[in-house]
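Close look at the chain arrangement
Each chain, letter by letter, is given below.
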Amino acid sequence: MSWVTRPVLAALSVAIAAALSPACDGDSSSGDPGAAASTGSGAGGGSGGGGDATYGASACGTCVEQTACLSQVNACAADPGCAAYLDCLDACPLGPSGDADIACEQACPPVTGSLGQSAKQAFIDCRLAGPGAACAGCGQIPAPTDPDFNQTCSPSADPNTCYKCEDERCCETYQACKDDQDCQDLVTCVKACAEDPDDAAFSPCESACYQAHAAGYAAYSHRMACMQYFCFDDDACGNEPLDPCVKCQNLHCADEMAACQHEIECALLDNCKVPCDVADQACLMECDAMFPDAVAPHEAGLDCALAHCEIACAGTD
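Structural notes, computed from the coordinates. Predicted model, so just to flag it, every value in this text is computed and none were measured. (Residues numbered from 1 in each chain as written. Predicted model: local features only at pLDDT ≥ 70, side-chain atom pairs only at ≥ 80, totals over all residues. Heavy atoms only, no water.)

Let's talk about empty space enclosed by the protein
What counts here: Whether a set of points on the 1 Å grid over the protein atoms alone is a cavity depends on a 1.4 Å probe fitting there but being unable to get out, while an open set qualifies as a pocket with protein on both sides within 12 Å along at least five of seven lines; lining residues are those with an atom within 4 Å of a point. Grid points are joined across faces, edges and corners, and a volume is the space filled by probe spheres set on the points. Strands here mean DSSP runs of E at least two residues long; helices mean DSSP runs of H or I at least four residues long; both are numbered from the N terminus. All residues other than Ala, Val, Leu, Ile, Met, Phe, Trp, Tyr, Cys, Pro, Asp, Glu, Lys and Arg, Gly among them, are scored as polar; the first ten of these are nonpolar and the last four charged.
The tally for this structure, following the rule as stated, stands at 2 cavities of 30 Å³ or more. Taken as a whole, the second largest cavity spans an internal volume of roughly 50 Å³. For the second largest cavity, the full set of lining residues is Phe149, Ala225, Gln228, Tyr229, Asn250, Ala254, Met257, Ala258 and Gln261. Every element with two or more residues in the lining of the second largest cavity is listed here: α11 (217–230) and α13 (254–261). A class-by-class count of the residues in the lining of the second largest cavity yields 6 nonpolar, 3 polar and no charged.

Okay, here's the thing in structure tokens:
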């Protein structure tokens, strides 16, 4: 994993898992997933029951399953377990955003077998963090407004896909960091942390870098926010596909994530919580007490993730 993607995946995975654990541990109110709606009739074919629209018959479901994510739907439908999940999803009532009700989807029967699980995850990724997320009726995704995501750059001919992405998407924040020696020193420090094969050692090392080179943190954080949004997937700077949970948060919560990332205290709070067990409230609260001013922006990012990415992040460890 590259030095730029590693901290994001480590910190966000633990933070979202901690926030989601109470919901995941709860009992379903119904033993029959989708019982609040009529039985679906296959991918994209659910119909309303009792006058209530179902996901499969909705504008959102129709766009996702018949157009935006058709290939993923077909692959899922070819597996009996995944097909049963689609039927259940199609029968779910709509949530406030126009997408399927989260509680209903979570109560759908689990898919067994590696092929079925992979097909289901590919569909979820497409639906929640890929082309399906832009479907009309699913809840419009506003473009992020943070200046980091709205830079004016020129085309690049660099053959390195990572450099090309930063040249074309994040040129202003790159130049600002390049012109700041403290930022360059911080980059060097974090790169050295990433060379340690012990993943558990990374977050404390990264936090030490932030504190040792605090004068360069502002420029560094703006550069990383832009790269995380545009360049961290495996088609640019990453050497493996971006975690679906992080991808969903990039899509729906970029401004909230950037607001936390821009504050050094919030970044330190995030790293503090990485080694905490998701059920260890004492550890999590101790971190909050160490960085009290960062709790609000940190929670804002998690609240956004819970609102938009609960299904995409459900499998995060």
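Okay, back to it.
A short note on the packing of aromatic side chains
The following threshold applies: For this analysis, a ring pair means two rings from Phe, Tyr or Trp (six-membered ring only for Trp) whose centres lie within 6.5 Å, classed as stacked if their planes differ by under 30 degrees, edge-to-face if by over 60, and tilted for the remaining angles. Buried residues are those whose accessible area, probed at 1.4 Å on protein chains only, stays under 20% of the maximum for their type, while exposed residues exceed 50% and partly exposed ones sit between those limits. Charge over a ring is defined by NZ of Lys or CZ of Arg lying within 6 Å of the ring centre and within 35 degrees of the ring normal.
The tally for this structure, following the rule as stated, stands at 6 aromatic pairs. The interplanar angle of 65° and the centroid separation of 4.9 Å between the aromatic rings of Tyr210 and Tyr217 together place this pair among those described as edge-to-face. Here the two residues Tyr210 and Tyr217 agree in accessibility, since each one is buried. Members of the aromatic cluster, each reached through a chain of ring pairs, are Phe149, Tyr229 and Phe230. Sitting over the face of the ring of Tyr85, Lys120 holds its NZ or CZ atom 4.7 Å from the ring centroid. Here Arg127 stacks its cationic end above the ring of Tyr55, 5.3 Å away from the centre of that ring.

Examining the packing of helix α6 (residues 114–129) against helix α12 (residues 244–252)
Put simply, the rule reads: Lines fitted to C-alpha atoms define the axes, with helix axes restricted to the stretch in contact, and inter-axis angles between N-to-C directions lie between 0 and 180 degrees. Here roughly perpendicular refers to angles of 65 to 115 degrees, roughly parallel to angles under 35, roughly antiparallel to angles over 145, and oblique to all remaining angles. Each crossing is labelled by how the near helix is turned from the far one, with a counterclockwise turn of less than a right angle marking it left-handed and a clockwise turn marking it right-handed. Any two residues whose heavy atoms approach within 4.5 Å are treated as being in contact.
The geometry of α6 relative to α12 is characterised by a closest axis approach of 9 Å and an angle of 15° between their N-to-C directions. Judged on the interaxial angle alone, α12 and α6 are roughly parallel. As α6 runs across α12, the sense of the crossing is left-handed. Residues Gln121, Asp125, Leu128 and Ala129 of α6 lie in contact with α12, whose contacting residues are Pro244, Lys247, Cys248, Leu251 and His252. Residue composition of the contact of α6 with α12, by class: 5 nonpolar, 2 polar and 2 charged.

Describing the state of the cysteines
Short version of the rule: Here, two cysteine sulfur atoms that lie within 2.5 Å of each other are counted as a disulfide.
Inspection of the entire model under this criterion finds 19 disulfides. Bridging Cys88 to Cys108, the disulfide has an S-S length of 2.0 Å. One quick way to see it: the torsion about the S-S bond of Cys88 and Cys108 is about -85°, and its sign makes the bridge left-handed. Of this pair, Cys88 sits in helix α4 (residues 80–91) while Cys108 sits in the loop between α5 (102–106) and α6, and the two are 20 residues apart along the sequence. Like Cys88, the residue Cys108 is buried in the burial classification.

Focus on helix α15 (residues 281–290)
Condition: What the arc measures is the spread of directions leading from the helix axis to the C-beta atoms.
Among the residues of α15, those classed as buried are Cys283, Leu284 and Cys287. Projected down its long axis, α15 carries its buried residues within an arc of 100°, all on one side. Projecting away from the buried face of α15 at angles above 90 degrees are the exposed residues Ala282, Met285, Glu286 and Ala289.

Some points on the side chain of Asp148
For clarity, the cut-off: Only four residue types enter the tally: Lys and Arg on the positive side, Asp and Glu on the negative side; His and the chain ends are excluded. Any carboxyl oxygen of Asp or Glu within 4 Å of a side-chain nitrogen of Lys or Arg constitutes a salt bridge here. Pairs of N or O atoms within 3.5 Å make up the polar contacts considered here, provided that, within protein, one atom can donate a hydrogen while the other can accept it, and that residues adjacent in sequence are counted only when both atoms are side-chain atoms.
Inspection of the secondary structure assignment puts Asp148 in the loop between α6 and α7 (161–169). Of the side chains bearing the opposite charge, Arg223 lies closest to the buried Asp148, which forms no salt bridge; the N-O distance is 11 Å. Within the structure, Asp148 has its side chain in polar contact with the side chain of His222 (distance 2.9 Å). Reaching out from Asp148, the side chain makes a polar contact with the side chain of His262 at a distance of 2.9 Å.

Topic: the environment of Cys209
Considering the arrangement of structural elements, one finds Cys209 in helix α10 (residues 202–212). The sequence separation of Cys209 and Val190 amounts to 19 residues, and the corresponding C-alpha distance is 6.4 Å.

Without other data, these values stay purely geometric and don't point to any function.
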